[in-house]
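What the coordinates show
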Amino acid sequence: MSGEEEQEQTHCGFIAILGAPNAGKSTLVNRMVGTKVTIVSPKVQTTRGRVMGIAIKDHVQLVFIDTPGIFTPKRRLDRAMVAAAWSGASDADVSLLLIDATEGVKRDAEAIIARMKGEHRRAHLVLNKVDKVDKPELLAMTQSLMEEGIFDEVFMISALKGKGVDSMMDFLASKMPEGPWHFPEDQVSDMTERLLAAEITREQLYHQLHQELPYATTVETETWEERKDGSVKIEQVIYVIRDSQKSIILGKGGKQIKHIGEKSRKELEEIFDRRVHLFLFVKVREKWGDDPERYRDLGLDFNA
Ligand code: GDP
Ligand code: MG
């Protein structure tokens, strides 16, 4: 290079985040990206498709793949989610296995470890939720997990509080291969705004409704209308399987849906940083769980 300053070589790579449902995978991805790109809830299996969150550290672009938790698949939707999680891991340069340290290694985590061993894959071990667990317990857990022989490094973090996350990101950045960035500098996710908006409402369904009902729902953004004043009008349909579910979501005098809409709108305004007019509709579509198009929308393989 004749007299010119040498340009720093860019690096870019994919990091798959594996772990049982509720381990904190989505919380971690949002934390590392610095904004919400994937939804979080205390109920298991909230993340359905594969979501990419994109972060930059100096000259390195890190692309995180938030996977649905891996569990024993029963329904078609579950099978598609498990397939998405594994294909996320096989595309990646680095895999992290996230363990909820308050729970330890249970059936789901065991199944992931067994499968990784079978496929001769390696990963880094991440003990999450250390804000809730004592040191001696963490050390014992680390020791027994390292005996599995598939982990290189160990990180102890709190995705929720941010503890230990920065230094883990520095480490990950140092492992990314040389190459051009895959995404523009300002892109934080591979999700469209319409899909993210639908996910935000779906997240509220998980927060506001009890028990199993949220699992029977799906949300679609039907209209996205830019207004001259900078606001946006969003119309969404919440699909349910049965009539009885529809009345629960609507609530007495429409109170429940109003509450859900209110919460979702506030969140949308924060994420998109603009005023939002949100209109929610509830429709019964008995077989949405068997509708190939829904799977494509979510980036899932219908035939998994
Ligand atoms: P996922 O199913 O693995 O994607 O898990 P989520 O990110 O949806 O998180 C599941 C639950 O664990 C949520 O209620 C989170 O707030 C909570 N959580 C995630 N990370 C932490 C953490 O570091 N500490 C604590 N105390 N809770 C956490
Ligand atoms: Mg998740």
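Since this is a predicted model, take the numbers as computed values, not measurements.

So, on to the overall build of the chain. Counting its regular elements, the chain contains nine helices and nine strands. Within the span of the chain, comprising 304 residues, buried residues form 51% of the whole. By sequence separation, contacts in the chain at least 24 residues apart represent 71% of the contacts at least 6 residues apart. A total accessible area of about 15300 Å² is found for the chain, and carbon and sulfur atoms account for 47% of it.

Two modes of strand pairing occur in sheets, parallel and antiparallel, and in both the strands are linked by backbone hydrogen bonds. Across the sheet, which stays open at both edges, the three strands sit in the order S7-S8-S9 with mixed pairing between neighbours. Because the sheet does not close on itself, it has two edges, and the strands there are strand S7 (218–226) and strand S9 (276–284). Sheet twist, expressed as the average angle between the axes of neighbouring strands with direction ignored, equals 20 degrees. Examined bridge by bridge, S7 and strand S8 (residues 232–240) share eight bridges and lie antiparallel to one another.

Looking now at the pattern of salt bridges. Evaluation of the coordinates by the stated rule reveals 16 salt bridges. The salt bridge partner of Lys-233 is Glu-235, with a shortest N-O separation of 3.7 Å.

Our focus in this paragraph is helix H4 (residues 135–146). Think of an α-helix as 3.6 residues a turn; residues three or four steps apart then line up on the same face. Taking 1.5 Å per residue, 12 residues should reach 16 Å; H4 reaches 16 Å between its end C-alpha atoms and fits that length. Within the sequence span of H4, burial applies to Leu-138, Met-141, Thr-142 and Leu-145. Within H4, the buried residues cover an arc of 100 degrees as seen down the axis, which keeps them to one side. Among the exposed residues of H4, those oriented more than 90 degrees off its buried face are Pro-136 and Gln-143. Of the surrounding secondary structure, the elements contacted by the buried residues of H4 are strand S4 (94–100), helix H3 (107–118), strand S5 (123–128) and strand S6 (151–156).

Moving on, we get to the nonpolar core. Counting 30 residues, the largest nonpolar core has Leu-127, Leu-145 and Phe-151 as the members making the most contacts within it. Of all elements in the fold, only strand S1 (11–19), strand S2 (51–57), strand S3 (60–66), helix H2 (76–90), S4, H3, S5 and H4 reach the threshold of two or more residues within this core. Apart from residues no more than four positions distant in its own chain, Leu-145 is found in contact with Ile-99, Val-105, Ile-113, Leu-125, Leu-127 and Phe-151. Judged by nonpolar contacts, the second largest core, of 26 residues, contains Ala-23, Met-32, Val-37 and Met-169.

A full pass over the atoms with the stated rule returns two aromatic pairs. Arranged with centres 5.1 Å apart and planes meeting at 55 degrees, the rings of Phe-155 and Phe-171 form a pair that is tilted. Here Phe-171 lies in helix H5 (residues 165–174) and Phe-155 lies in strand S6, a separation of 16 residues in the sequence. As far as burial versus exposure is concerned, Phe-155 and Phe-171 are alike and both buried. The ring of Phe-279 has Lys-233 sitting right over it, with the charged end atom 5.8 Å from the ring centre. Stacked on the ring of Tyr-239, the Lys or Arg Arg-285 has its end atom at 3.9 Å from the ring centre.

Per-residue confidence for the chain gives a mean pLDDT of 87; residues scoring 70 or more make up 88%. Mean pLDDT across the elements of the chain ranges from a minimum in helix H9 (residues 292–297), with 69, to a maximum in S6, with 98.

Our focus in this paragraph is the environment of Val-60. Within the secondary structure layout, Val-60 lies in strand S3. Residues Val-60 and Trp-181, 121 residues apart in the sequence, show an inter-C-alpha distance of 7.8 Å. Excluding its chain neighbours within four sequence positions, the residues that come into contact with Val-60 are His-11, Ala-55, Ala-173, Met-176 and Trp-181.

What counts and what doesn't
Residues numbered from 1 in each chain as written. Chains lettered and ligands numbered in written order. Predicted model: local features only at pLDDT ≥ 70, side-chain atom pairs only at ≥ 80, totals over all residues. Heavy atoms only, no water. Helix = DSSP H or I, 4+ residues; strand = E, 2+ residues; numbered from the N terminus. Buried < 20%, exposed > 50% of the residue type's maximum accessible area, 1.4 Å probe, protein only. Contact = heavy atoms within 4.5 Å. Areas by Shrake-Rupley, 256 points an atom, 1.4 Å probe, with all protein chains shown as cover. Pairing = 2+ DSSP bridges. Axes fitted to C-alpha atoms, helices over the stretch in contact; angles between N-to-C directions. Salt bridge = Lys/Arg side-chain N within 4 Å of Asp/Glu carboxyl O. Expected span 1.5 Å × (residues − 1). Arc of directions from axis to C-beta. Core = buried A, V, L, I, M, F, W, Y, C linked by side-chain atoms within 4.5 Å. Phe/Tyr/Trp six-rings, centres within 6.5 Å; stacked < 30°, edge-to-face > 60°. Lys NZ or Arg CZ within 6 Å of the ring centre and 35° of its normal. pLDDT = per-residue confidence, 0-100.

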